[in-house]
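Listed below are the residues making up each chain.
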Amino acid sequence: MRLTLKIWRQPNSAAAGELRTYQLDDVSEDTSFLEMLDMLNEQLTGTDEEPVAFDSDCREGICGTCGVMINGQAHGPEVTTTCQLHMRSFSDGDTITIEPWRADAFPVLRDLIVDRGAFDRIIQQGGYISVNTGSAPDAHATAVPKKNADRAFDVATCIGCGACVAACPNGSASLFLGAKITHLGELPQGQAERDTRVVNMVAQHDHEGFGGCTNIGECTAACPKEIPLDVISQLNKDLRTAMRHGL
Amino acid sequence: MAVTGLIFVGYVLAHMYGNLKVFAGQDSFDEYAHHLREFGEPILPYEGFLWIARVVLILAVIGHAYSAFKLWHRAAVARKEKYSARRVAKSTLSSRTMRWGGVTLLAFIVFHILHLTTRTITPGSNSDSPYERLVAGFQPERWWLVLIYLVALVALGMHLRHGVWSACQTLGFTNTAASRRRANLAGISLAVIVAVGFALVPISVLFGIVD
Amino acid sequence: MTETTPPTEGTTAAASDAEGFFRLGEPIADTKAPRGVPIDQKWTTRKFEARLVNPANRRKLSVIMVGTGLAGGAAAATLGEAGYHVKAFCYQDSPRRAHSIAAQGGINAAKNYKEDGDSTFRLFYDTVKGGDYRARETNVYRLAEVSANIIDQCVAQGVPFAREYGGLLDNRSFGGVQVSRTFYARGQTGQQLLIGAYQAMERQVAAGTVEDFTRHEMLELVVVDGRARGIIARDLVTGEIQTHLADVVVLASGGYGNVFFLSTNAMGSNVTATWRAHRKGAYFGNPCYTQIHPTCIPVSGSHQSKLTLMSESLRNDGRIWVPKKKADCDKDPRDIPEEDRDYYLERIYPSFGNLVPRDIASRQAKNMCDEGRGVGPEVDGVRRGVYLDFSDAIGRLGRKAVENKYGNLFDMYQQITGENPYETPMRIYPAVHYTMGGLWVDYDLQSTIPGLFVTGEANFSDHGANRLGASALMQGLADGYFVLPNTIRDYLADGPFEKIDESHPAVVEARQSVENRVATFLNTKGTRSVDSYHRELGNIMWEYCGMERTAEGLRKAIELIRTLRDDFWRNVKVLGAADTLNQSLERAGRVADFLELGELMCIDALNRRESCGGHFRAESQTEDGEALRDDANFAYVAAWEWGGDGGQPVLHKEDLVYEAIEMKQRSYK
């Protein structure tokens, strides 16, 4: 197929960026979206134009490195990561607009690459269970009801790609935050720090400059791991409980 | 946002109940309006209850608007550079129109108070009987007034549709898929009940069912 | 540096196929595993003998950690908790994205929760046997010994392992063993374990003991007075070349499967950290031991940038087959009657069936396709694929149960191929997945450079010539949480070492060499892209140093690689500047190192004229085509010393001594 690509080019975070238009021919529908960009980059290198910088690593949908806005949708039209999107989702002659995640908490580093360090800093504020190596009891010491274990797992599948932020009209990271709160809150091991965790992580989230949640639901539609919206409710509930406990 | 919103939901339902008295005739409606002023007497002074309600509502409006503008501002600074292409995936129109819808409702409330509470604008009649003012206002020759009210009710319905669901979510009541469905259903039901319930009055007057 | 003698008659081994490509050096041996104590006492003894560092002194001791996957992340967290000052580097934008995340199937541990006859000794035995008796016994025993602690630690961290209805942990049996000792979190075990280690590490970042340097890549090792004392790293965002100095350096930078270009590794996985250390004197152990994973999605065309693995847990319930008749190969598999299907693994290996070790499953798939019975689209005239069929399992367990176990893998398959595996059998084919080789380390995980420790896939130590399923996660976390933190203290007990600053000649030299290299890439201004070189190198490696290797092919590969490398340095085209985020420049450095590593892998494969585990030499097979080991000549670890640019690498042999178990010909029939 033949494609017209409009791609955001920006040399670094300080410089201004713009959409530039490229033509790409002979794209097979079995090609993945990122392999299509690889092809474009080979073509650009051939004509002495610097290749488009974009993030990707595992290319099997699990590391969360890749992620761009494709025609205004985070990770494109399918419920998956950008790397698992294949060109069979597009048609010959299509024009595809490709932009980086846009959020002030995710500054653009170059072209389609953004800095998601804010997510790490949110985790640093309590997205863990404090247990030093070697101090753990036997794994079977505490049974975890399957229902809780399953819910913890379902939300622990978050890959931290940032699509929720990119898709949210408010630029909020509540889905990411809620997923971690719910994961650890479902497990008996996570109870001791449950109140402080939610309070500190929410404070860091707000401090990073993410927007507030208005429960619109675009995040969960964009989430490649289909994290449900109820993690945000859980987040709010935990926050309310923590406030009741005087935190 | 959620708490103040729920105060409005309660108020709006009570208000609608009162409005529907119009179908019981002029006496019943005017009696109801008058009784509101005497509610709680003699423990409360005349109009005491009404003023308590008004103060609560004003505070709620302030709180609601403050939270709304704060969220609006946060969203604006959270993404200063906008997308040049944007496609909506799943969100409802109601959820995306909360802000301008809210502004519309605020403007309407001001108009509504000027119209039927302070009687600053008096389309049709400035009678002391609320019933007469109402019936005179919504006569066919003042179709524009009916239209203003109907537009406001659509805005209110949409605001409630997302607002009720969103409040449940914000208060942490929706931790399962089933409870999320229920909250959504509650939002839709309340939106329809309130919008239709209020709309019955001007429409009935317009078509001469109430006169 | 080392006394060397040419490999002629008179050396113990028979004349090597690789004669003329290398020099033979002095033998090498591990000196850290305690001698004279039974194998089950060695680790306890070593932990006791390893000196302690006073808590007050730990703050003054700094550790550089390169790589933050399971091995690096776990070690950074643990050393941080102990109070050392850790600087952790990763090329990814967050430690949470290290490629450990992609491991799907599970993690082994000798918990014996199923009471099915498992024990530390059995896990040890299975791992040594699975590795085809080419791993160091003492290291493997320790791995099995600490395996149970890993599960305890991870559960305490909140890793959501699969559980049974009673709330206790579930286990499954996994690739090549007959007990159920594999703990798993649906098909995302690596992800969940890594997130656990990542969270523990981020906790230490908040506590101030760990500093993280994301989007930083180590480009050179700094060795001062024979000790590893730091690294030169490039900030991948600003392009700044930085010097970081410390008391000890740990490499946890993963494997080098990307030398094949197409592999299941992440796009960024590379050998640079370990290769740079190798060039500075760290020996490289068994570089030719490559694991080809049997259950990957077949190549679909020339645009392909990577291959996708699907957990071999799929082999627990899926049945592998090809048509008996070549004529059936292009038919819809559902139309091929049962009697015309050849469930070849069940036929050839009746007791293990579809659960034979990875190397065997891979090679048999290749054999079937070479016979012309492969399925799927023809690529270059051959159908390279075999069926992995779940219709039996769906019939037996129901679709829902299959979905619960493998749902995400099925979805992934459908996403990539556009075919629905619930309805039509999957097509699979082997792909490069893991490299058992890596920097040579002793029992303490210390390389031949004092002060340079190597953990996880980056070292060579625990898997021999083939890694069993669910062992990589076990090794990464064993090294990171439990082994390294105990052994490194023996080294650090001598610290803090003499302070050095950036003006030290060794530091200046290392930094200068990095700057020169970057400048060379940018100034070559040739005509070919970095990726095109990488792709060509990959083709050479897969063709001649892949699933089946021959002396003739390997010699040819060495020539081709040398020619390609020469061309690379003359004709590579890297656009852009040094002081910006420049992905072509990053890749150029990685490919340059792969071009050197590839040659060493071929030399190692050429020298090892035996078949063992993942290394199959066509010249060494039984009559029915099984791998044939040559214990008399090759029961050793090949530890290669860098021979200088243009020089020949030097082979140091570490004899493999088995005291606790007997070396046997591996049989899965």
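For the structure itself, consult the block above.
Along each chain, residues carry numbers from 1 onward, in the same order as the chain's sequence is written. Labels follow written order: the first chain is A, the first ligand is 1, and so on. This being a predicted model, a pLDDT of at least 70 is required before a residue's local features are given, and a value of 80 or more before pairs of side-chain atoms are given or counted; all residues contribute to the totals for chains, interfaces and linings. Hydrogens and waters are ignored; side-chain quantities use all the structure's heavy atoms.

### Considering the overall build of chain A
Then, number 1: Starting at the N terminus, helices and strands are each numbered in turn, a helix being any DSSP run of H or I of at least four residues and a strand any DSSP run of E of at least two. When its secondary structure is counted, chain A shows eight helices and seven strands.
Then, number 2: Counting only C-alpha atoms and orienting by the principal axes, one finds that chain A spans roughly 60 × 35 × 35 Å.
Then, number 3: Note on classification: 1.4 Å probe, protein chains only; a residue is buried when its accessible area is under 20% of the maximum for its type, exposed when over 50%, partly exposed between these limits. The buried share among the 247 residues of chain A stands at 65%.
Then, number 4: Note on contacts: a residue pair is in contact if any heavy atoms of the two residues lie within 4.5 Å. Considering only intrachain contacts with a sequence separation of at least 6, the fraction spanning at least 24 residues in chain A is 67%.

### Some remarks on the state of the cysteines
Then, number 1: Two cysteine sulfurs form what is called a disulfide whenever their separation falls within 2.5 Å. Summed over the entire model, instances satisfying the criterion amount to zero disulfides over all chains.
Then, number 2: Here Cys219 of chain A stays unpaired: no disulfide links it, and the sulfur of Cys213 of chain A, its closest cysteine neighbor, is 6.4 Å away.
Then, number 3: Cys158 of chain A provides the cysteine sulfur closest to Cys154 of chain C, a residue in no disulfide bond, and the two sulfurs are 19 Å apart.
Then, number 4: On the accessibility criterion, Cys154 of chain C (1% relative accessible area) is buried.

### Quick look at the interface of chain B and chain A
Then, number 1: Between chain B and chain A, the residue contacts involve 33 residues of the former and 45 residues of the latter.
Then, number 2: Across the chain B/chain A interface, buried area totals approximately 3,100 Å², and carbon plus sulfur atoms make up 42% of it.
Then, number 3: Within this document, salt bridges are pairs made up of a side-chain nitrogen of Lys or Arg and a carboxyl oxygen of Asp or Glu, the two lying within 4 Å of each other. Across the pair Asp230 of chain A and Arg180 of chain B runs a salt bridge whose closest N-O atoms are separated by 3.2 Å.
Then, number 4: Polar contacts, as used here, are pairs of N or O atoms within 3.5 Å; protein pairs need one atom able to donate a hydrogen and one able to accept it. Residues neighboring in sequence count only if both atoms are side-chain atoms. Viewed at the interface, chain A and chain B are joined by 33 residue pairs in polar contact (both at pLDDT 80 or more).
Then, number 5: Mapped onto the side of chain B that touches chain A, the elements with two or more residues apiece are α3 (48-78), α7 (143-170) and α8 (177-206) of chain B.
Then, number 6: For the side of chain B that touches chain A, the class distribution of residues is twelve nonpolar, eleven polar and ten charged. As a working definition, buried area equals the accessible area (1.4 Å probe) given up by two parts on being put together, with both sides summed. For this scheme, ten residues count as nonpolar: Ala, Val, Leu, Ile, Met, Phe, Trp, Tyr, Cys and Pro. Four count as charged, namely Asp, Glu, Lys and Arg, and the remainder, Gly too, count as polar.

### Describing the sheet that holds strand β4 (residues 73-74) of chain A
All names here are of chain A.
Then, number 1: Spatial ordering of the open sheet is given by β2-β1-β5-β3-β4, a layout of five strands whose pairing is mixed. The open sheet is flanked by β2 (18-24) and β4, the only strands paired with a single partner.
Then, number 2: Any two strands between which DSSP finds at least two bridges are classified as paired. Bridging between strand β3 (residues 69-70) and strand β5 (residues 95-99) involves two bridges; their strand directions are antiparallel. Paired with Ile70 across the two strands is Ile98, which belongs to β5.
Then, number 3: Note on method: axes are straight lines fitted to C-alpha atoms, helices fitted across the in-contact stretch only, with angles between N-to-C directions ranging 0 to 180 degrees. Here helix α1 (residues 33-46) sits on the sheet and contacts β1 (3-9), β2, β3 and β5; the angle it forms with β2, its principal contact strand, is near 90°.

### Let's talk about the packing of helix α4 (residues 120-130) of chain C against helix α5 (residues 137-157) of chain C
All names here are of chain C.
Then, number 1: Here α4 crosses α5 at 135°, and the two axes come no closer than 8 Å. The orientation of α4 relative to α5 falls into the category oblique. Between α4 and α5 the crossing geometry is right-handed. Only Glu137, Val140, Tyr141, Ala144, Glu145 and Ser147 of α5 make contact with α4, whose side of the interface consists of Thr120, Phe121, Leu123, Phe124, Thr127 and Val128.
Then, number 2: Classifying every residue of the contact of α4 with α5 gives seven nonpolar, three polar and two charged. If an angle is under 35 degrees, it is roughly parallel; if it is over 145, roughly antiparallel; if it lies from 65 to 115, roughly perpendicular; otherwise it is oblique. For any pair of crossing helices, the crossing counts as left-handed if the nearer helix is rotated counterclockwise from the farther one by less than a right angle, and right-handed if it is rotated clockwise.

### What about the packing of aromatic side chains?
Then, number 1: Ring pairs are drawn from Phe, Tyr and Trp, using the six-membered ring of Trp, whenever the two centres fall within 6.5 Å, and their geometry is named by plane angle: stacked under 30 degrees, edge-to-face over 60, tilted for the rest. What the rule picks out here adds up to 40 aromatic pairs over all chains.
Then, number 2: Here the aromatic rings of Tyr133 of chain C and Tyr658 of chain C are separated by 5.9 Å at their centres, their planes lie at 80°, and the arrangement is edge-to-face. Remark: Tyr658 of chain C occurs in the segment after β25 (650-655) and Tyr133 of chain C occurs in the loop between α4 and α5; sequence separation between them is 525 residues.
Then, number 3: Under the relative-accessibility criterion, Tyr133 of chain C is labelled buried at 1%.
Then, number 4: One aromatic cluster in this structure is built from Phe106, Phe119, Phe176 and Phe210 of chain A.
Then, number 5: Look at NZ for Lys and CZ for Arg. If either is within 6 Å of the ring centre and within 35 degrees of the ring normal, a charge sits over the ring. In this arrangement the basic side chain of Arg54 of chain B is found over the ring face of Trp51 of chain B, its NZ or CZ atom lying 4.7 Å from the centre.
Then, number 6: The ring of Tyr434 of chain C is capped by Arg467 of chain C, whose NZ or CZ atom sits 4.1 Å from the centre of that ring.

### Considering the interface of chain A and chain C
Then, number 1: Across the boundary between the two partners, chain A contributes 75 residues, which contact 75 residues of chain C.
Then, number 2: Here chain A packs against chain C, burying approximately 6,100 Å² in sum over the two surfaces, 50% of which is carbon and sulfur.
Then, number 3: There are six salt bridges connecting chain A and chain C.
Then, number 4: Close ionic contact of Asp93 of chain C with Arg116 of chain A constitutes a salt bridge, the shortest N to O distance being 3.1 Å.
Then, number 5: If you look at where chain A meets chain C, you find 48 residue pairs in polar contact (both at pLDDT 80 or more).

### Details of the packing of α7 of chain B against α8 of chain B
Pairs of packed helices are described in terms of their axes, by the angle between the two and the distance that separates them.
Residues and elements named next belong to chain B.
Then, number 1: Interaxial distance between α7 and α8 falls to 8 Å at its minimum, and their mutual angle equals 165°. Classified by the angle their axes make, α7 and α8 are roughly antiparallel. Pair α7 / α8 crosses with right-handed handedness.
Then, number 2: Residues of the contact of α7 with α8, tallied by class, amount to 20 nonpolar, four polar and two charged.

### Some points on the side chain of Ser311 of chain C
Then, number 1: Secondary-structure assignment places Ser311 of chain C in the loop between β13 (290-296) and α8 (314-317).
Then, number 2: For Ser311 of chain C, the residues in contact, after removing those within four places along its chain, are Gln104, Gly105, Phe174, Thr295 and Leu409 of chain C.

### Let's talk about the arrangement of the chains
Then, number 1: Most contacts, compared over the two pairs of chains touching, are made between chains A and C.
Then, number 2: Between chain B and chain C there is no contact, and the shortest C-alpha to C-alpha distance separating them is 19 Å.

### Quick look at the pattern of salt bridges
Then, number 1: Applying the stated criterion to the full structure yields 84 salt bridges over all chains.
Then, number 2: Asp370 of chain C serves as the salt-bridge partner of Arg384 of chain C, at 3.2 Å between the closest nitrogen and oxygen. In this pair, Arg384 of chain C is assigned in the loop between β17 (382-383) and β18 (386-389) and Asp370 of chain C in helix α10 (residues 358-370), connecting sequence segments 14 residues apart.
Then, number 3: Shared partners join several salt bridges into a network, and the residues in it are Arg9, Glu18, Arg20, Glu49, Glu50, Arg110 and Asp111 of chain A.

### Points about the sheet that holds β13 of chain C
Residue and element names in this part refer to chain C.
Then, number 1: What the five strands build is an open sheet, ordered β13-β19-β18-β14-β15; its pairing is antiparallel. Of all strands in the sheet, those bounded by a partner on one side alone are β13 and β15 (341-342).
Then, number 2: Both β18 and strand β19 (residues 426-435) contribute to a ladder of three bridges, which runs antiparallel. For Tyr387, the partnering residue across the bridge sits in β19 and is Arg427.

### Concerning the side chain of Ser62 of chain C
Then, number 1: Within the secondary structure, Ser62 of chain C sits in strand β3 (residues 62-66).
Then, number 2: When residues no more than four places from it in sequence are discounted, the contact partners of Ser62 of chain C are His85, Leu245, Ala246, Asp247 and Val248 of chain C.

### Looking at a negative patch on the surface
Residues and elements named next belong to chain B.
Then, number 1: By definition, no residue in a patch forms a salt bridge, and every one has over 30% relative accessible area; like charges are joined within 9 Å, nonpolar side chains (Val, Leu, Ile, Met, Phe, Trp, Tyr) within 5 Å. Using a 1.4 Å probe, the Shrake-Rupley method yields the accessible areas, and only the shown protein chains count as cover for residues. His is not counted here, nor are the chain ends, while Lys and Arg score as positive and Asp and Glu score as negative. In this description, the location of a charge corresponds to atom NZ of lysine, CZ of arginine, CG of aspartate or CD of glutamate. A contiguous patch of negative charge, built from Asp27, Glu31, Glu38 and Glu41, is present on the exposed surface.
Then, number 2: Mapped onto the elements of the fold, Glu38 is located in helix α2 (residues 26-38).
Then, number 3: Residue classification places Glu38 among the partly exposed residues on the basis of a relative accessible area of 32%.

These results come straight from atomic positions and should not be treated as a statement about function.
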